[in-house]
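# Remarks on the overall topology
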Amino acid sequence: MEQSIFTLVDTYTPDHDLLVLPFLDEQTPCFETNGLPFALADAAPTKKGAARTVYAGALEDSFVLAQAVRLDDDTLPAMENMKMAVVNAIAIAKKEKLQRVAVFLTAEHEDLILAAQEGAELGGYAFDKYLQEKASPISVCVVSTAPPSAPLAEALKDARETLACVSMARDVLNEPPNAVNPPTLAEVFEDFGAKSGLAVETWKEDRLEAEGCGGIVSVGKGSSAKPRLVLGEYSSPTPKLHLALVGKGVTFDTGGYSLKPSEFQVGMKYDMGGAAMIFAAACAIARLKLPVKLTVLTPLVENNVSSNAYKVSDILTTRNGKTVEVLNTDAEGRLILADALALACEHEPDIVIDAATLTGACVVGLGDDIAAVYSTDQDLSASMLSASEATGEAFWPMPLFKPYAEKLKSTVADVNNTGKTRYGGSITAALFLQNWVTDNVKWMHLDIAGPGGKEEALGPIGKGGKGFGVRSLVELVKRLTSE
Ligand code: BES
Ligand code: ZN
Ligand code: ZN
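Structure report, in brief. (Residues numbered from 1 in each chain as written. Chains lettered and ligands numbered in written order. Predicted model: local features only at pLDDT ≥ 70, side-chain atom pairs only at ≥ 80, totals over all residues. Heavy atoms only, no water.)

### A short note on the overall build of the protein
Secondary structure summary: the protein contains 14 helices and 18 strands in total. Computed over the C-alpha atoms, the radius of gyration of the protein is 24 Å, within 12% of the 23 Å expected from 2.2 N^0.38 for a compact globule of 483 residues. With the principal axes as the frame, the protein shows a C-alpha extent of 80 × 50 × 40 Å. Buried residues in the protein amount to 55% of all 483 residues. Contacts in the protein between residues at least 24 apart in sequence constitute 77% of all its contacts with a sequence separation of at least 6. A total of about 19900 Å² of accessible surface is found on the protein, and carbon and sulfur atoms cover 51% of it. Charge-centre separation for the protein: the mean point of 43 positive side chains lies 4 Å from the mean point of 63 negative side chains. (Helix = DSSP H or I, 4+ residues; strand = E, 2+ residues; numbered from the N terminus. Rg over C-alpha atoms; globule rule 2.2 N^0.38 Å. Buried < 20%, exposed > 50% of the residue type's maximum accessible area, 1.4 Å probe, protein only. Contact = heavy atoms within 4.5 Å. Areas by Shrake-Rupley, 256 points an atom, 1.4 Å probe, with all protein chains shown as cover. Lys, Arg positive; Asp, Glu negative; His and termini not counted. Charge placed at Lys NZ, Arg CZ, Asp CG, Glu CD.)

### Considering the coordination of the zinc ion (ligand 2)
Octahedral metal centres with six donors ideally show angles of 90 or 180 degrees, and tetrahedral centres with four donors ideally show 109.5 degrees. Those protein atoms acting as donors to the zinc ion (ligand 2) are D253 (OD), D330 (O), D330 (OD) and E332 (OE), and they sit at 2.0 to 2.2 Å. Donor residues for the zinc ion (ligand 2) sit on one chain with the sequence pattern D-x76-D-x1-E. Between the zinc ion (ligand 2) and the zinc ion (ligand 3), a separation of 3.2 Å is found, and both are coordinated by D253. Looking at D330, the relative accessible area reads 22%, which means it is partly exposed. (Donors = N, O, S within 2.8 Å, 3.2 Å for Na, K, Ca; no water.)

### Digging into the coordination of the zinc ion (ligand 3)
Around the zinc ion (ligand 3), the donor atoms from the protein are K248 (NZ), D253 (OD), D271 (OD) and E332 (OE), and they sit 2.0 to 2.4 Å away. Geometry at the zinc ion (ligand 3) is octahedral, judged from the six donor atoms that bind it and their angles of 77 to 173° at the metal. Overall, the relative accessible area of 2% leaves K248 in the buried class. (Tetrahedral: all angles 85-135°; square planar, octahedral: opposite > 155°, others 65-115°.)

### A word on the pairing of strand β11 (residues 292-303)
The buried count for β11 comes to 11 of 12 residues, which makes it a mostly enclosed element. The sheet contact formed by strand β8 (residues 228-235) and β11 spans eight bridges and is antiparallel. If you follow G232 over to β11, its bridge partner there is V296. Relative to β11, strand β9 (residues 241-247) is paired through six bridges, and the arrangement is parallel. (Pairing = 2+ DSSP bridges.)

### Quick word on the site of ligand 1
Around ligand 1, the structure places 16 residues, and the nearest of them are K260, D271, D330, E332 and G360. Between ligand 1 and D253, the relevant distance is 2.9 Å, taken from an oxygen atom to a side-chain nitrogen or oxygen of the residue. Contacts to ligand 1 include G360, whose backbone N or O atom sits 2.7 Å from an oxygen atom. Taken by itself ligand 1 offers 520 Å² of open surface, and the protein chains cover 79% of this. A per-class count over the shell around ligand 1 returns four nonpolar, five polar and seven charged. (Near = heavy atom within 4 Å. Polar contact = N/O pair within 3.5 Å; in protein donor to acceptor, adjacent residues only side chain to side chain. Nonpolar A, V, L, I, M, F, W, Y, C, P; charged D, E, K, R; others polar.)

### A closer look at a nonpolar patch on the surface
A cluster of nonpolar side chains, Y257, L259 and V305, forms an exposed patch at the surface whose accessible area comes to about 280 Å². Residue L259 is classed as exposed on the basis of its relative accessible area of 52%. (Patch = residues over 30% accessible without salt bridge, like charges linked within 9 Å, V, L, I, M, F, W, Y side chains within 5 Å. Salt bridge = Lys/Arg side-chain N within 4 Å of Asp/Glu carboxyl O.)

### Some thoughts on the packing of aromatic side chains
Ring pairs (aromatic) are described by centroid distance and by the angle formed between their planes. Under the defined criterion, the tally for this structure stands at seven aromatic pairs. Ring centres of F401 and Y404 lie 4.7 Å apart, and the angle between their planes is 80°; on these two criteria the pair is classed as edge-to-face. Judged by relative accessible area, F401 falls into the partly exposed class, the value being 41%. Here the basic side chain of R334 rests over the ring of F432, its NZ or CZ set 5.8 Å away from the ring centre. (Phe/Tyr/Trp six-rings, centres within 6.5 Å; stacked < 30°, edge-to-face > 60°. Lys NZ or Arg CZ within 6 Å of the ring centre and 35° of its normal.)

### Examining the sheet that holds strand β12 (residues 315-317)
Backbone hydrogen bonds are what pair the strands of a sheet, in a parallel or an antiparallel way. Read from one edge of the open sheet, three strands run β12-β13-β17, paired in mixed fashion. Two strands close off the open sheet at either side, each with one partner strand: β12 and β17 (415-416). When β12 meets strand β13 (residues 323-325), the two strands line up antiparallel, connected through three bridges. For L316, the partnering residue across the bridge sits in β13 and is V324.

### Some details on the environment of P403
Checked against the element boundaries, P403 lands in the loop between β16 (394-397) and β17. For P403, a relative accessible area of 48% gives the class partly exposed. P403 sits 25 residues away from T428 along the chain, and the two C-alpha atoms are 9.8 Å apart.

### Some thoughts on the sheet that holds strand β1 (residues 6-9)
Strand order in the open sheet formed by six strands is β1-β6-β5-β2-β4-β3, with mixed pairing between adjacent strands. Taken across any chain shown, the strands that pair with only one partner, and hence form the sheet edges, are β1 and β3 (51-59). Each strand of the sheet is rotated relative to its neighbour by a mean of 20°, with strand direction disregarded. Packed onto the sheet, helix α1 (residues 78-95) meets β2 (17-23), β4 (62-70), β5 (100-104) and β6 (139-143) and runs at close to 155° relative to β2. (Axes fitted to C-alpha atoms, helices over the stretch in contact; angles between N-to-C directions.)

### Comments concerning the pattern of salt bridges
Evaluation of the coordinates by the stated rule reveals 23 salt bridges. Taking the shortest distance from any N to any O, the salt bridge between D253 and K260 comes out at 3.9 Å. Exposure class is identical for D253 and K260. Each is buried. Taken together, the salt bridges that share partners define one network made up of E80, K83, E118, E393 and R471.

### Quick word on the packing of α1 against helix α2 (residues 110-123)
It is the contact of α1 with α2, at a shortest axis distance of 8 Å, that shows an interaxial angle of 40°. Overall, the two elements α1 and α2 adopt an arrangement that is oblique. Here α1 runs over α2; the crossing is right-handed. Note on element contacts: α2 touches α1 through D111, L112, A115, A116, E118, G119, A120 and G123, opposite A78, M79, M82, K83, V86, V87 and I90. A per-class count over the contact of α1 with α2 returns 10 nonpolar, two polar and three charged. (Parallel < 35°, antiparallel > 145°, perpendicular 65-115°, else oblique. Left-handed = near helix turned anticlockwise from the far one by under 90°.)

### Brief notes about the environment of L231
Along the polypeptide, L231 turns up in strand β8. Assessed through its relative accessible area of 12%, L231 is described here as buried. Along the primary structure L231 and T295 are separated by 64 residues, whereas in three dimensions their C-alpha atoms are 7.3 Å apart. Setting aside anything within four residues of it in sequence, one finds L231 in contact with A199, V200, E201, W203, V296 and L297.

Take a look at the structure:
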């Protein structure tokens, strides 16, 4: 879905529309009241966050339905309610067989215009590749009598680039695991990365073996779809910092010989959510030409069973020489991230950020809407939290509680891969990863197991793959480089 369904127009010509008329509160419209065919006195809904139909009837040769919506409520900021209003309007327009959603906003509400575009792109996304009956897209326009300022036009364009990358992430998440596996996902990343301005290289099995990536090679052994490591590079001519991004790409997680019960295998096609997020964000950063040097690494494996698969009690040697005793083949994500984090640190970046659908424990602790943030640098995690607040994605801080590292001890290897108990499982997983991060680099680990693998709708994003985290990560990099 690279084609945008969103436009910004300065005159309104009726075209079988659902009109959205946003109010900041009970009395403050965000749109010009003149030129509309009906009286708007008392049009705002009396209840916070509510919508109210204010007109349904003929307009020129069209039928139009107009809804006033209040953007103020007690749980969400106006920006998020604007996105939701557009998403809800798209659903109503489909039901009422209307052709278009027209949102009335004056040019001074630049944030809301950006939010409306985001609602249109996120809410208009449909994965209908395998359906015989394709979805018919509803277009969305914002009617703003004054032309957009140059900065707004630029911001809308930049946001569309990021949203195109979010859609790429959603596409690869939604594809079934018989279509997306390490070799095919590597190809998608290579193509999309090249189109976005990244220099991309893929390491196949032989190279991974030769480079000492024992984690990736071992986890990948159980599948006939062989493991890959996709490496991407981008550099602005004036980089303000060097950032390395790492994402867990398990294209399907059966659990391996520590097999997941069948009901827990449902949703495990989303176990490459970290790779999708990280690679999509890297592409957006390159498209926006943000002033950074960027190194991106996505280890890709399918965690499966076969006579060749890795087993409980295997001892693996990873890229930085550390050895791991495998106590559970279902704790595979951290094994592939170990190699990738070590490689990332070899590039001597200022900051390393990894994202992974890493632990069920994280979902137990934070639910399936919130991602966990672990960091060795308080300023970095604070910036992440405020960036995600601006994009409407939920992240929450968690501790790298050192005493729990005890649980990772092994008598036969440097560490074990489970932490031995389920308690604090997201924390011990984070502490495990820290073994592959050098001390001189700022590191942040994002456990996106909940929202990264969520099937139901999440805010303005509909069912299926979300592309969770892409917008927040891009926003973070903008903020880190804006001083
Ligand atoms: N991919 C899973 C984590 C997961 C679970 C993501 C639920 C999304 C929803 C991961 O590979 C895993 O299975 N982790 C194990 C680790 C344990 C064996 C130490 C877990 O969380 O149970
Ligand atoms: Zn697993
Ligand atoms: Zn997994």
